[in-house]
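Residues per chain are reported as follows:
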Amino acid sequence: MTVAAAATMLFATENITAQETESEVAMTETEVQAPVQDGFEKIETSALPETVTNAVATDKAGSTVEEAYFNEELSVYKLMLKAEGAEAETAYINEEGKWVKIQ
């Protein structure tokens, strides 16, 4: 009888340990975070101000804005531009439509 009780307790302890291990693994998998875009938050290209879209049309003729990001602290837009037959380009522009360099 004592042997049966000891065996039951042994199996119960192993089961609890296995459950703890499984929940630790599950927690580790959910802690993945998206990379930060250097303070720039993605926005819709349709949300770009007219001054920015006019500057792209004038200064980067033939290019289209594939993606746009905005840094509120700097008041600067990060644009991913693509022109037919050329490699993608990253450009930075302020709200006034003037191109800036970010370092």
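Residues numbered from 1 in each chain as written. Predicted model: local features only at pLDDT ≥ 70, side-chain atom pairs only at ≥ 80, totals over all residues. Heavy atoms only, no water.

**Q** Before we go on, may I ask you to explain the pairing of strand β2 (residues 63-71) in this structure?
**A** Regular strands show a simple pattern: their side chains alternate between the two faces of the sheet. The sheet contact formed by strand β1 (residues 41-43) and β2 spans 3 bridges and is antiparallel. By the bridge assignment, I43 is partnered in β2 with A68. The pairing of β2 with strand β3 (residues 76-83) spans 8 bridges and is classified as antiparallel. Bridging from a neighbouring strand, N71 pairs with V76 of β3. Between β2 and the antiparallel strand that follows it, β3, lie 4 residues; S75 among them carries a positive phi value of about 55 degrees. (Pairing = 2+ DSSP bridges. Helix = DSSP H or I, 4+ residues; strand = E, 2+ residues; numbered from the N terminus.)

**Q** Quick question: what am I supposed to make of the packing of aromatic side chains here?
**A** Each aromatic ring pair is specified by the distance between its two centres and by the angle formed by the two planes. In total, this model carries 2 aromatic pairs according to the counting rule given. Taking 5.7 Å as the distance between ring centres and 50 degrees as the angle between the ring planes, the aromatic pair formed by F40 and Y92 counts as tilted. Highlighted residues: F40 in the loop between α1 (2-29) and β1 and Y92 in strand β4 (residues 89-94), separated in sequence by 52 residues. In this structure F40 comes out as buried when scored by relative accessible area, which is 6%. Overall, the relative accessible area of 18% leaves Y92 in the buried class. Between the aromatic rings of F70 and Y77, the centroid separation amounts to 4.5 Å while the plane-to-plane angle is 45 degrees, which identifies the pairing as tilted. For the pair formed by F70 and Y77, the shared burial category is buried. Over the aromatic face of W99 sits the side chain of K60, whose NZ or CZ is 5.1 Å from the ring centroid. Cation over ring: K78 sits above F40, and NZ or CZ is 5.9 Å from the ring centre. (Phe/Tyr/Trp six-rings, centres within 6.5 Å; stacked < 30°, edge-to-face > 60°. Buried < 20%, exposed > 50% of the residue type's maximum accessible area, 1.4 Å probe, protein only. Lys NZ or Arg CZ within 6 Å of the ring centre and 35° of its normal.)

**Q** Can you help me understand the nonpolar core in this one?
**A** A general trend in soluble globular proteins is that nonpolar side chains are found buried together. Residues L48, V52, A55, V56, A68, F70, Y77, L79, L81, A91 and I93 constitute the largest nonpolar core, which totals 11 residues. Within the residue set of this core, elements represented by two or more residues are α2 (50-59), β2, β3 and β4. In this structure, F70 is in contact with G39, F40, E41, I43, S75, V76, Y77 and E95, ignoring residues within four places of it in sequence. (Core = buried A, V, L, I, M, F, W, Y, C linked by side-chain atoms within 4.5 Å. Contact = heavy atoms within 4.5 Å.)

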